[in-house]
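As a plain string of letters, each chain reads:
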Amino acid sequence: MTWRAALERQRSLLDFALLALWRRRGKNLSLVLVYGLTVFAIASVVLLAGALRAEAAAVLAGGPDVVVQQLSAGRPALVAAEAVARLGAIRGVSRAAGRRWAAYADPVSHATFTVLAPEGFEGRPGEVELGAGAAAAMRWKPGEKVGLLGEDGRWHFLEVRRLLGEETALVSTDLVLLAGEDFERLFALPPDRFTDVALTVRNPRELTTVARAAVGALPGGRAVTRPEMARTYEALFDWRSGLASVVLLGAVLTFALVAWDKAAGLPADERRELGVLKAIGWETGDVLAAKLWEGVVISVAAFLLGVLAAYLQLFLAPAPLLAPVLRGWSVLSPPLRLAPSVSPLELATLFFLTVVPYTLATVVPVWRAASTDPDAVMRS
Amino acid sequence: MSPVRPSSRLGLAALAAALAVAGCLLHARTLRAPERRAASAALVARLGLTDLALFTEASYTRHLALADRLAPFLDHPQAREHFPSGALTAPPAPPEAR
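Residues numbered from 1 in each chain as written. Chains lettered and ligands numbered in written order. Predicted model: local features only at pLDDT ≥ 70, side-chain atom pairs only at ≥ 80, totals over all residues.

Caption draft 1: Layout of the overall build of chain A. Along its length, chain A carries 14 helices and 12 strands. Rg of the C-alpha trace for chain A: 31 Å, well past the compact-globule value of 21 Å for 380 residues, more than 25% over. Taking the principal axes of the C-alpha coordinates as reference, chain A spans close to 95 × 45 × 40 Å. Across chain A, contacts joining residues at least 24 apart in sequence account for 79% of those joining residues at least 6 apart. (Helix = DSSP H or I, 4+ residues; strand = E, 2+ residues; numbered from the N terminus. Rg over C-alpha atoms; globule rule 2.2 N^0.38 Å. Contact = placed C-beta atoms within 7 Å.)

Shown next, in the form of structure tokens:
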């Protein structure tokens, strides 16, 4: 048989399989829908996790090389200026900068802001720059005065200088930037105390060595290197974390249930159909091939529908189904305007998980029925 | 005129699916990820930021990279980690230097 004839034969078998599927269209369409929804759930998590990981890796690459924290009785404590100087003197450290930032629970909106006094704050004392989410939560606009409740129990009013760009919301939505003096007044802190220390290291290969030296220079301290920070976001939606494992387990159980239902046996009408095909002279191989096509069409359709719907949900709409999950109990949450970053390996895994077990499960009972006597099959 | 074969209809459906996939790829390009990320990366470098503002519900979930495994249990000794974002990420690995 030439390859053209073989192709035509397979096409005829595919035609037969499609007609058979169409005869039971109600059942098959609902199967594709449920199967597609399962793929959609798992693909949504896979695509969201991939996009967030890519965003974190690209955006946070320019962060501090090492961050050193002081601990006191297991809780983060303030670092003294002389400790910052000690850290700066470590061999390999080109710069040690005390960072001043704090979590501020706003009594009006009940949102938690990150109040940060950056080194090169571009505004004057008495001014603030706000992240898009913080400004929206409090309806603060540039030029207006905003009130922040200080730790001295008094309200401190600062003028909104400008809002940080919405395109940076994923890192800046809850930020309140102000001058060092205002930070000290708001949190009643002396000027020589810092939240933690950011180290710049000359040689990236020395990060761990410098981190160890930093802990030696600041007993009771804790040093986190940039690769360790990056690993935190690589673990986002890790399969061992709660939500991802629940979705994966649900999907695997659904795939198993559908495959088991197929493999357990054929309905009477399909058995009769098989018997008739065998009786009129179809070979077992042809029957199997036609059924294989049915399985492939159903599972590939479900895979494509599920993955495309997941893409539309995540990247065309701002993830209406998953955004509330990410939001949790947060009052402020950045809008999820992510760019897709699809891992071919994860997509291939999902494809094989969707298509292969179902297709194989379709063939098993057909092979059992097709290899028995047609008369027995039709009478059973 | 011979009737349209079902496999031809399937071919059309496959073509539509391929167009939809191509549409997704084109759409991904229009999102201008590198430009948007460059703005955020510049802000991260200028302010020395360490974290994404994904989970602002608690200070240790806002600054995941700097949180330690003890953080959720500071409320009281037998407290469970009870924020929803705890179900989305594994705990940060203990730093090599502590």
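Caption draft 2: Region of the structure containing the overall build of chain B. Along chain B, the regular secondary structure elements total 3 helices and 0 strands. For chain B, the α and β elements follow one another from N to C terminus as α-α-α. A total of 98 residues make up chain B; the buried ones form 34% of that total. Of the contacts made within chain B by residues no fewer than 6 positions apart, 33% connect residues no fewer than 24 positions apart. (Buried ≥ 20, exposed ≤ 12 C-beta atoms within 10 Å, placed from the backbone.)

Caption draft 3: Up close: the packing of helix α1 (residues 3-23) of chain A against helix α1 (residues 6-30) of chain B. Orientation of α1 of chain A relative to α1 of chain B, taken along the N-to-C sense of each, is 85 degrees, at an axis distance of 8 Å. Comparing their axes, α1 of chain B and α1 of chain A come out roughly perpendicular. For the pair formed by α1 of chain A and α1 of chain B, the contact residues are R11, L14, D15, L18 and L19 of chain A on the first element and P6, S7 and L10 of chain B on the second. (Axes fitted to C-alpha atoms, helices over the stretch in contact; angles between N-to-C directions. Parallel < 35°, antiparallel > 145°, perpendicular 65-115°, else oblique.)

Caption draft 4: Inspection of the pairing of strand β8 (residues 155-163) of chain A at higher detail. Residues and elements named next belong to chain A. Relative to β8, strand β6 (residues 127-130) is paired through 4 bridges, and the arrangement is parallel. Bridged to E127 within β8 is E159. Hairpin connection of strand β7 (residues 145-149) to β8: 5 residues between the antiparallel strands, including G153 at a positive phi of 85 degrees. (Pairing = 2+ DSSP bridges.)

Caption draft 5: Spotlight on the interface of chain A and chain B. Between chain A and chain B, the residue contacts involve 68 residues of the former and 50 residues of the latter. The residue makeup of the side of chain A that touches chain B, split by class, is 38 nonpolar, 17 polar and 13 charged. (Nonpolar A, V, L, I, M, F, W, Y, C, P; charged D, E, K, R; others polar.)

Caption draft 6: Looking closely at unusual backbone geometry. Residues and elements named next belong to chain A. The phi torsion at H110 lies on the positive side, around 65 degrees, for a residue other than glycine. Residue placement: H110 occurs in the loop between β4 (93-105) and β5 (112-117). The phi angle at R139 is positive, at roughly 55 degrees, despite the residue not being glycine.

Caption draft 7: Spotlight on the environment of P340 of chain A. With respect to the helices and strands, the residue P340 of chain A is situated in the loop between α12 (323-327) and α13 (344-370). Remark: the alpha-carbon pair of P340 of chain A and A263 of chain A, spanning 77 residues in sequence, is separated by 37 Å. When near neighbours in sequence (up to four residues on either side) are disregarded, P340 of chain A contacts L47, A51, Y311 and F315 of chain A together with A28 of chain B.

Caption draft 8: Layout of the nonpolar core. Residues and elements named next belong to chain A. With 114 residues, the main nonpolar core has V66, L87, V176, L199, V210 and A214 as its most contacted residues. Considering every element that reaches this core, the biggest residue donor is helix α2 (residues 25-59), with 17 residues. V66 has contacts with L199, V201, L207, V210, A211, A214, A223 and T225, leaving out every residue within four places of it along the chain. One finds F16, V287, A290 and W293 within the second-largest nonpolar core, a separate group that totals 13 residues. (Core = buried A, V, L, I, M, F, W, Y, C linked by C-beta atoms within 7 Å.)

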